[in-house]
Amino acid sequence: MFQYIIRRLLIAIPVLLGVTIFNFLIINLAPGNPVDMYINPDTTQADIDAKKEALGLNDPIYVQYFRWLGNLLQGDFGFSYTTYEPVLDLVLNRVGPTLLLMSTALIIAYIIAIPIGILSATKQYSWIDYLTTTFSFLGVSIPNFFLGLGSIYVFALVLNILPTGGMFTLGSNGGFVDTFFHLIMPAAILGTGIAGSTVRYVRSSMLEVLGQDYLRTARAKGLKEFIVTNKHGLKNALIPIITIIGMEIPILIGGAVVTEQIFQWPGLGQLTIQSISSRDYPTLMAINFIAALAVLFSNLLADILYAVVDPRIKYN
């Protein structure tokens, strides 16, 4: 297993390098220029040229990329074009809120999806199955921004039981309870889409397992249906579900960008939107690099969990 992990980490290096090259090209070839943000009625062409030279934007794109890569290897993500702060500090300040939001959304999604998926499979073609299928399709189909705006209207403006956005109440010292109430709506909205798709995967995975011979044998031995389903059935249905967890991380990161913007959650998603608007290339590259690391790590973790869940899987 240790050798397998080392091999996967070594394979991840060229993959990560390819991702950074692709992202750098896309960001730099997109219309617009970071210097446009500095232009005002008093700005002269000489000022614009001097700013471009200072930021290194007059160099060929491959020179800019290798300069960025060289700085990255020394742990330097550069400075933000808009706030002039070190990008590493800027990003690290936003990682915590995003991790809190994403982990809470995942917990909500799986607490809802796994029991509902199992119930839907064991009650196949019943009214419970049709009802859960309908709600799972709705969860997948309704966009996050629509659910978010609707939730703000109902729970914040009409019922006035939850805050409209942010991570803390303005003017307060924050605290666990305050953050918890601010977290409920964005985490629930982000988790809804994940839960909707996961219910379908859990249902189909359980249906495949429930018809196996070893479960019929377990029933013939007199075991209760609850034990047959949840102990013997669920354990063997977990492998495809783990695959889905690894695949859902990129979807979750994309969903967090929209959700954080709607709820003004001070995480990486909100910083991404601000950086795109201001053409803040160093910050965008840092966020993309961290997102790529998260996806590669989640896929490696999913592969390791295969062996933990199913002892038949060996990585020799």
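Before reading further, recall that the structure is shown in the block above.
Keep in mind it's a predicted model, so treat the numbers as computed, not measured.

### Points about helix H9 (residues 225–262)
For H9, built from 38 residues, the straight-helix expectation of 56 Å at 1.5 Å per residue is missed by more than 12%, its first-to-last C-alpha distance being only 44 Å. In the structure, H9 departs most strongly from a straight axis at Leu234, where the bend amounts to approximately 50 degrees.

### Section: the pattern of salt bridges
Pairing between side chains of opposite charge can happen when the charged atoms of each approach one another. Per the counting criterion, the structure on display carries 2 salt bridges. Linking Asp59 and Arg67 is a salt bridge whose minimum nitrogen-to-oxygen distance equals 2.8 Å. Here Asp59 falls in the partly exposed class, since its relative accessible area comes to 26%. Classification of Arg67 by relative accessible area gives partly exposed; the value is 35%.

### Side note on the packing of aromatic side chains
This model, assessed by the stated rule, comprises 7 aromatic pairs. A ring pair is formed by Tyr81 and Tyr281, whose centres lie 6.3 Å apart and whose planes are at 55 degrees; its orientation type is tilted. One end of the pair, Tyr81, is in the loop between helix H3 (61–73) and helix H4 (87–122); the other, Tyr281, is in helix H11 (residues 281–309), with 200 residues separating them in the sequence. Judged on exposure class, the residue Tyr81 and its partner Tyr281 are both buried. Put simply, the rings of Phe24, Tyr65, Phe66 and Trp68 touch in pairs and so form one group of aromatic residues.

### Focus: the environment of Gln212
By the element assignment, Gln212 lies in the loop between helix H7 (176–210) and helix H8 (213–220). For Gln212, a relative accessible area of 36% corresponds to the partly exposed category.

### So, the packing of H4 against H9
Contact geometry for H4 and H9: axes closest at 9 Å, N-to-C directions at 140 degrees. It follows that H4 is oblique to H9 by the angle criterion. Pair H4 / H9 crosses with right-handed handedness. Touching Thr98, Leu101, Met102, Ala105, Leu106, Tyr110, Ile114, Ile118 and Thr122 of H4 are Thr229, Asn230, Leu234, Ile245, Glu248, Ile249, Leu252, Ile253, Ala256 and Glu260, all from H9. Looking at the contact of H4 with H9, its residues break down into 13 nonpolar, 4 polar and 2 charged.

### Structural notes on the packing of H4 against helix H5 (residues 127–141)
Across the interface, H4 lies against H5 with an axial gap of 8 Å and an inter-helix angle of 140 degrees. Judged by the inter-axis angle, H4 sits oblique to H5. As H4 packs across H5, the resulting crossing turns out to be left-handed. Residues Ile116, Leu119 and Ser120 of H4 form the contact with H5, whose own contacting residues are Ile128, Asp129, Thr132 and Thr133. Here the contact of H4 with H5 is built from residues that sort into 3 nonpolar, 3 polar and 1 charged.

What counts as what
- Residues numbered from 1 in each chain as written.
- Predicted model: local features only at pLDDT ≥ 70, side-chain atom pairs only at ≥ 80, totals over all residues.
- Heavy atoms only, no water.
- Helix = DSSP H or I, 4+ residues; strand = E, 2+ residues; numbered from the N terminus.
- Expected span 1.5 Å × (residues − 1).
- Bend = angle between axes of the 7 residues up to and from the residue.
- Salt bridge = Lys/Arg side-chain N within 4 Å of Asp/Glu carboxyl O.
- Buried < 20%, exposed > 50% of the residue type's maximum accessible area, 1.4 Å probe, protein only.
- Phe/Tyr/Trp six-rings, centres within 6.5 Å; stacked < 30°, edge-to-face > 60°.
- Axes fitted to C-alpha atoms, helices over the stretch in contact; angles between N-to-C directions.
- Parallel < 35°, antiparallel > 145°, perpendicular 65-115°, else oblique.
- Left-handed = near helix turned anticlockwise from the far one by under 90°.
- Contact = heavy atoms within 4.5 Å.
- Nonpolar A, V, L, I, M, F, W, Y, C, P; charged D, E, K, R; others polar.

Keep in mind these numbers describe shape, not what the thing actually does.
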